[in-house]
Amino acid sequence: MGALVALTDAAVLARVSPQTIRNYIRDGRLKSATRTPTGRYMVDREEVLAVFRPVRQPRIIVVANQKGGVGKTTTVQELGVLLGRDVRTLLIDVDPQANLTKLFGIDREEPGALSIADVMLRRKALREVWVKIEPPANLWLVPSCLALGLVPMHLGQQFGADFILRDAVQKVRDDFEFILIDTPPSLDRLTLNALGCANEVIIPIDKGPLGIRGTENMETILEQVRDYNKDLRAVRVLHTKSDNTVASNTTRDLLERRFGPNLLRTAIRSGTKVAEAAYQAEPLQHVFPESHPARDYQELAREVLSLGA
Ligand SMILES: Nc1ncnc2c1ncn2[C@@H]1O[C@H](COP(=O)(O)OP(=O)(O)O)[C@@H](O)[C@H]1O
Ligand SMILES: [Mg+2]
C-alpha cells in the first residue's frame, strides 16, 4: 500500500468529482478507503490511479509561441519535473534546437541515436525513443536533435503529414497522466503537428507590446487547428519573466484585459537562477527550488492540476 490521500486530492488525481470518489467508496470499489478520527476519508493514491485509469484521459498540453525566448522550454521542463513527482508524465521535444533535451543533459546528435526525428520520418513508436529522466520518479522524455529541422522539408506535401505526431501520441495515451510538448519558435509543420495533439495550449508571453501582438498569428493558427482537432479544449496564456518594472506591470494589465479568464493566475517571475540552472543542465527545481521562478512554477503546477482539464 502506498501513500494515502484525501478525498479532494483523489478527485484531482482521478480527474473526477469528489462525489464520484464518494460513490466509489460507498460501493466498495476503493478498498483502501479509511476514515480519520475526524471522519475524513483517505484513500490509497495508487489504487485511485489504477481504478480510474480506464476512464481518465491524459492531459496533452502543448506550450507554443512563435516568439523565441519567452520561456516555452523552461516551462515544459519545470512543469514536467514537478508533475512527474506525482503522476506519470511524458515530455516531447519538438524543437530542432533540442533545448529541452539539452537542459536535461541529454545529447542525441551522434549518428544512429534515436530521437523524435525517427518518429516523424520513420514512424518509430514513441516508446522506442523515449528515455527515463531521474529524478523525478515518473518522468520520461522524447528527445530531439538538429536533424528534426529537415523533417518539414522531407515530409513535403505528404498526405497526413500534420498528423504523424498525433498518431504516435494516441498509441501511448493510456501510459501517462500528462503529456507536455515543447515547440519551436515558429508556426511550421512541426508546431502544427504538436498543436494537432493538444487538449490544451499554454502560450507563454513575456513583457512588451510586441509580445502580445505576436499572439495574433498564433490565434489565427489556433482557429485553423480547431477545425481538425476537436479535442482542443483550452488555450491559456502564461505571463513569464515578470518583474516589478513598468513594462512588466503594463504587460500584466494588458494580458488581463485581453485574455481575461484564459490568463493563468500564476505569473513566473524573472530570476537569474534560471540561466544558472541551465548552465548546470539541471532543472531549476533541483538546484534552486527556493528561487522566485522555481516557487512560481510550483504554484503553476498546482494551478494546472486544479484546473482539471
Ligand atoms: N523566469 C525566467 N527568468 C529569467 N530568465 C528566464 C526565465 N525563463 C526563461 N529564462 C531564460 O530565457 C531564455 C529563453 O527561455 P526558454 O525557456 O528557452 O524560452 P523559449 O523556449 O520560449 O525560447 C533562456 O536563456 C532562459 O534561461
Ligand atoms: Mg525553446
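Coordinates for the structure precede this section.
Residues numbered from 1 in each chain as written. Chains lettered and ligands numbered in written order. Predicted model: local features only at pLDDT ≥ 70, side-chain atom pairs only at ≥ 80, totals over all residues. Heavy atoms only, no water.

A. Seen up close, the packing of helix H4 (residues 72-83) against helix H16 (residues 292-307). Closest axis-to-axis distance for the H4/H16 pair is 9 Å, and the angle between their directions is 70°. In terms of their interaxial angle, H4 and H16 are classed as roughly perpendicular. Across the interface between the two elements, Thr 74, Thr 75, Glu 78, Leu 79, Leu 82 and Leu 83 of H4 pack against Tyr 297, Gln 298, Leu 300, Ala 301 and Leu 305 of H16. A per-class count over the contact of H4 with H16 returns 7 nonpolar, 3 polar and 1 charged. (Axes fitted to C-alpha atoms, helices over the stretch in contact; angles between N-to-C directions. Helix = DSSP H or I, 4+ residues; strand = E, 2+ residues; numbered from the N terminus. Parallel < 35°, antiparallel > 145°, perpendicular 65-115°, else oblique. Contact = heavy atoms within 4.5 Å. Nonpolar A, V, L, I, M, F, W, Y, C, P; charged D, E, K, R; others polar.)

B. Structural detail: helix H12 (residues 215-228). Counted at 1.5 Å a residue, the expected span for H12 with its 14 residues is 20 Å, and the 20 Å between its end C-alpha atoms agrees. Thr 215, Met 218, Ile 221, Leu 222 and Val 225 are the residues of H12 that are buried. The arc that holds the buried residues of H12, viewed along the axis, is 110°, so those residues lie on one side. (Expected span 1.5 Å × (residues − 1). Buried < 20%, exposed > 50% of the residue type's maximum accessible area, 1.4 Å probe, protein only. Arc of directions from axis to C-beta.)

C. Spatial organisation of the sheet that holds strand E4 (residues 59-63). With mixed pairing, the 7 strands of this open sheet are ordered in space as E6-E7-E5-E8-E4-E9-E10. Both outer strands of the open sheet, strand E6 (131-133) and strand E10 (234-239), are each paired with one neighbouring strand and no more. Sheet twist, expressed as the average angle between the axes of neighbouring strands with direction ignored, equals 25°. Bridge analysis of strand E9 (residues 200-205) against E10 gives 6 bridges, and the strand direction is parallel. The residue bridging Ile 203 from the neighbouring strand is Val 237, located in E10. (Pairing = 2+ DSSP bridges.)

D. Summary view of the nonpolar core. Grouped together as the largest cluster of nonpolar side chains are 47 residues, with contacts concentrated most on Ile 92, Leu 126 and Ile 181. Other than its neighbours up to four places away in sequence, Leu 126 contacts Ile 92, Ile 116, Val 119, Val 142, Ala 168, Val 169 and Val 172. Ranked by size, the runner-up nonpolar core spans 40 residues in total, among them Leu 30, Phe 178, Ala 301 and Val 304. (Core = buried A, V, L, I, M, F, W, Y, C linked by side-chain atoms within 4.5 Å.)

E. Just the packing of aromatic side chains, in detail. Evaluation of the coordinates by the stated rule reveals 4 aromatic pairs. Aromatic pair Trp 140 and Phe 176: ring centres 5.8 Å apart, planes at 70°, arrangement edge-to-face. Here Trp 140 is found in strand E7 (residues 139-142), whereas its partner Phe 176 is found in the loop between helix H9 (164-170) and strand E8 (178-182), with 36 residues between them in sequence. Exposure remark for Phe 176: the relative accessible area of 3% places this residue in the buried category. Every member of this aromatic cluster is reached through a ring pair, and the members are Trp 130, Trp 140 and Phe 176. (Phe/Tyr/Trp six-rings, centres within 6.5 Å; stacked < 30°, edge-to-face > 60°.)

F. The pattern of salt bridges, seen in detail. The tally for this structure, following the rule as stated, stands at 16 salt bridges. Between Lys 273 and Glu 276 there is a salt bridge, and its shortest N-O distance comes to 3.5 Å. Taken together, the residues Lys 273 and Glu 276, both in helix H14 (residues 273-279) and 3 residues apart, mark about one turn of the helix. Overall, Glu 276 belongs to the partly exposed group, its relative accessible area being 34%. When the shortest N-O distance is used, the salt bridge between Glu 299 and Arg 302 registers 3.0 Å. Here Arg 302 and Glu 299 lie together in helix H16, a separation of 3 residues that amounts to about one turn. Judged by its relative accessible area of 28%, Glu 299 is partly exposed. It is possible to trace a salt-bridge network through shared partners that takes in Arg 59, Glu 200 and Arg 236. (Salt bridge = Lys/Arg side-chain N within 4 Å of Asp/Glu carboxyl O.)

G. Main features of the site of ligand 1. The environment of ligand 1 is formed by 14 residues, the closest being Gly 69, Lys 72, Thr 73, Thr 74 and Lys 241. Thr 74 places a polar side-chain atom, nitrogen or oxygen, 2.5 Å from an oxygen atom of ligand 1. In this structure, Arg 269 approaches ligand 1 through a main-chain N or O atom, which is 3.0 Å from a nitrogen atom. Elements represented by at least two residues in the shell around ligand 1 include exactly H4 and H14. At 3 residues, H4 tops the list of elements feeding residues into the shell around ligand 1. Looking at side-chain class alone, the shell around ligand 1 contains 4 nonpolar, 7 polar and 3 charged residues. (Near = heavy atom within 4 Å. Polar contact = N/O pair within 3.5 Å; in protein donor to acceptor, adjacent residues only side chain to side chain.)

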